[in-house]
Protein chains: 2
Amino acid sequence: MPFEDKKKSRVTLLDVAARANVSRATASLVIRKSPLVGADTRARVEEAMRELGYVYNMGAARLRAERSHTVGVVVPNLTNPFFAELLSGIESVIDAAGMVVILANSGDLAERQDMVMQRMREHGVDGVIICPAAATEPEFLGRMAEWGLPLVQALRHISDDIDYAGVNYAAGMREAVGHLASLGHRRIAFAVHGPVHSAYLERIEGFRDAMFSRGFDPDLIIRVSDQTAQIPGSAHLLFENPDKPTAVVCFNDVIALGLSAGLHDLGLKVGENFSLIGFDDVAEAEVIRPRLTSVSTAPVTIGENAARMLLDRLTDPLLPPRRVVKETQLHIRQSCGPIAGPAL
Amino acid sequence: MPFEDKKKSRVTLLDVAARANVSRATASLVIRKSPLVGADTRARVEEAMRELGYVYNMGAARLRAERSHTVGVVVPNLTNPFFAELLSGIESVIDAAGMVVILANSGDLAERQDMVMQRMREHGVDGVIICPAAATEPEFLGRMAEWGLPLVQALRHISDDIDYAGVNYAAGMREAVGHLASLGHRRIAFAVHGPVHSAYLERIEGFRDAMFSRGFDPDLIIRVSDQTAQIPGSAHLLFENPDKPTAVVCFNDVIALGLSAGLHDLGLKVGENFSLIGFDDVAEAEVIRPRLTSVSTAPVTIGENAARMLLDRLTDPLLPPRRVVKETQLHIRQSCGPIAGPAL
DNA sequence: AAAAGCTTTTAGATCGATCTAAATGGATGG
DNA sequence: CCATCCATTTAGATCGATCTAAAAGCTTTT
């Protein structure tokens, strides 16, 4: 429908301006919705743009204006649905602000993370939302500050001098332990895996804190496989300690699902003679039997928070560093029951 | 360490060139690893870049060179781990090729998809990998062709004239039905949900084809909830048909997991007096009890295939349209057993 | 009628790279 | 010793927008 001129490689602002009988500068103002331009002129230019099938050239605009309408997002791992949800939250807010997301995967490796950030910089992103790789060294942030690149940390944090959008993991863990304690459990294990980072440490801290303050043994921490398929096989670890636990708090729902199966394999009835509580509240929690009691962390919301923080910082770079820490919520289902006879 | 000049806003190629005593053009050649430049000159320029802390400006390069080193990826939904894995595969290949991914979410809405594509175009992506929204109208592709934007369809396809990286869904379904048939099942249901698109139709076709060719009733198709949490509650639908099935093939593993729980709730023993087979082979298949027999579709691999196809097309835009269709693989676990007494 | 104050429009420089086409310098050949 | 060739290097135009500072039209004030 829009009559195309196959000869000319591309319709530019100059073409639009010519057709609308205005200068290129005016046409530019129209695109940017400047209030300086008169109503009739604006209409004429917009008409011309439509007729010519004009496409805005961000690249050219960015070069001059030093703004790319582009945000970098760096996550450790896309395969993990948790990060995918985070990303989803980020994308929706960034998109609504008329910007786009440039995605990168650090593989949770500091070295790759460096490369990826370099690439982001070359692409001229306006800012970056990053879930820092586990072994990120502190100098990393110094370098970022030197670059003057607006940064928001999501889910994990390395520095308090930089915006952070996360979850109150420690409180969530306290909630989990509290729930089990209220059911009469005293010997509670904590099942963990994965790399060590702030979110890891906060969960450990919350667990130990909650256990310690009740006079329970806070050291029943077991480490299960990082491979999802092998977690069920790690269930026996729970009972290698002489002080056999009657319940287990899980670092995340992947572990909880795995241990739920593993405990079942060992002949235990989860929710009856052994209790299990997850963390993250993934969709599957509702779909396994027994239904998994879990502490929700709502990664989509964290993503939205992180994106909003970055947008705020872009409009006002001098904002003091902020922390937006979301509270968790306990979803009670079937996997926890009152303390029964000794396990095994 | 690199001595920064806070006054000057940015180190450009001209600065580098000056310091290395060469022209800007030569410095440009060095960055692009042109073989035209002498070894000693190259070394000098690289040294200068390091000393000045030079950062390549993609935006400027793109303006002149008409190449952005940027690939758009459009998916219907990030929250679905399936698409997240697809994305992961795409990202790894694109990254290895020195390009970056610009991400967008169509929400499976044709209208949003249009907006998103427009935005991709404004950002000057070199090409786009798209999993087309369910209700994409055929004109969409005409418009894309008019734009001359290299395109690859992933997982779903609308046109045979455009590259497509996908899965042989129909064959996978035949495999699933074949497995159940070999265990003696004849009355097999098919549980579906979600929007209608090519991947949906191919699965239906594969199921019906496999049933029909064996002389089984191909019309036992039931539609379950789109909400993960409500799928278990849909299990009773299986038995509303007078011709009660003894097994069910699921459209995907989300449904399989849900029905597995729902059947359990109805007092059936999956794998003993009712058989169930999933599709996609997600990580959880190994972690629920009974372990889920499932047909794997390996979305990461599809993503890699799609990305490679796009890269090929970028180097040679005149390539004829190609189809890369991956075969599925059946993973036999515990959720299917030989036919037993009548269900319920 | 000139000055002042608005609003609206504009010419021309500019962002930082790449491209083209030509220049440079040294080696080789007649 | 000049012509030819090859490998390097380069000046200057160019991509398509935005920015600055000033001009052009208006109306209102003096």
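For every chain, the first residue of its written sequence is number 1, and the numbers climb from 1 along that sequence. Numbering of ligands from 1 and lettering of chains from A proceed in the order in which they are written. Only residues with pLDDT of 70 or above have their local features reported here, since the model is predicted, and side-chain atom pairs are shown and tallied only from 80 upward, although totals for entire chains, interfaces and linings are computed over all residues. Each side-chain value is derived from all of the structure's non-hydrogen atoms; neither hydrogens nor water enter the calculation.

Caption draft 1: Just the interface of chain A and chain B, in detail. Contacts are assigned to residue pairs with any non-hydrogen atoms lying within 4.5 Å of each other. Taken together, the contact pairs 53 residues of chain A with 53 residues of chain B. For the pair chain A and chain B, the summed buried area comes to about 4600 Å², and 59% of that belongs to carbon and sulfur atoms. Buried area is understood as the total, over both parts, of accessible area removed when two parts are fitted together, assessed with a 1.4 Å probe. Per-residue buried area on chain A facing chain B is highest for Arg-119, Val-287 and Arg-289 of chain A; these three make up 13% of the total on that side. When a carboxyl oxygen of Asp or Glu lies within 4 Å of a side-chain nitrogen of Lys or Arg, that pair is called a salt bridge. Taken together, the connections running from chain A to chain B amount to 6 salt bridges. The residue Asp-265 of chain B makes a salt bridge to Arg-289 of chain A at a minimum N-O spacing of 2.8 Å. Here a polar contact is recorded for every N or O atom pair within 3.5 Å, except that within protein the pair must consist of a potential hydrogen donor and a potential acceptor, and residues adjacent in sequence are included only if both atoms are side-chain atoms. Seen at the junction of chain A and chain B, the total is 10 residue pairs in polar contact (both at pLDDT 80 or more). Strands are runs of DSSP state E lasting at least 2 residues, helices are runs of H or I lasting at least 4, and numbering of each runs from the N terminus. For the side of chain A that touches chain B, the secondary structure elements donating two or more residues are α4 (58-65), α5 (81-96), β2 (100-105), α6 (110-122) and α10 (253-265) of chain A. Ranked by the residues each element gives to the side of chain A that touches chain B, the list is headed by α5 of chain A, at 7 residues.

Caption draft 2: Seen up close, the packing of aromatic side chains. Residue and element names in this part refer to chain A. Pairs were defined over the aromatic rings of Phe, Tyr and Trp, the Trp ring being its six-membered one, requiring ring centres within 6.5 Å. Orientation was assigned from the angle between planes: stacked under 30 degrees, edge-to-face over 60, tilted for the rest. Counted under the stated rule, the structure contains 10 aromatic pairs over all chains. Summarising the aromatic geometry, the rings of Phe-190 and Phe-207 are spaced 4.7 Å apart at their centres and angled 20° between planes, so their arrangement reads as stacked. Pair noted here: Phe-190 is in strand β6 (residues 188-192) and Phe-207 is in helix α9 (residues 198-213), with a separation of 17 residues, a long-range link. Each member of the pair, Phe-190 as well as Phe-207, is classed as buried. Here, a charge over a ring is recorded when the distance from Lys NZ or Arg CZ to the ring centre is within 6 Å and its angle to the ring normal is within 35 degrees. Between the NZ or CZ atom of Arg-203 and the centre of the ring of Phe-251, over which it lies, the distance is 4.2 Å. The buried label goes to any residue with under 20% of its type's maximum accessible area, the exposed label to any with over 50%, and the partly exposed label to all in between, with areas taken from a 1.4 Å probe on protein chains only.

Caption draft 3: The arrangement of unusual backbone geometry in detail. Of note, the bond from Arg-289 of chain A into Pro-290 of chain A is cis; its omega dihedral lies within 30 degrees of zero at -5°. With respect to the helices, strands and loops of the structure, Pro-290 of chain A is situated in the loop between β9 (275-280) and β10 (294-296). Phi is positive for Asp-108 of chain B, close to 60°, though the residue is something other than glycine.

Caption draft 4: Fine view of the pattern of salt bridges. Residue and element names in this part refer to chain A. Within this structure, the stated rule accounts for 36 salt bridges over all chains. When the shortest N-O distance is used, the salt bridge between Arg-208 and Asp-219 registers 2.7 Å. In this pair, Arg-208 is assigned in helix α9 and Asp-219 in the loop between α9 and β7 (221-223), connecting sequence segments 11 residues apart. The exposure class of Asp-219 is partly exposed, given its relative accessible area of 48%. Residue Asp-312 is joined to Arg-322 by a salt bridge in which the shortest nitrogen-to-oxygen separation is 3.0 Å. In this pair, Asp-312 is assigned in helix α11 (residues 299-315) and Arg-322 in the loop between α11 and β11 (323-326), connecting sequence segments 10 residues apart. When its relative accessible area of 29% is taken as the criterion, Arg-322 is described as partly exposed. Overlapping salt bridges, with partners in common, bring together Asp-281, Glu-286, Arg-291 and Arg-333 in one network.

Shape is all these values report; function is a separate question.
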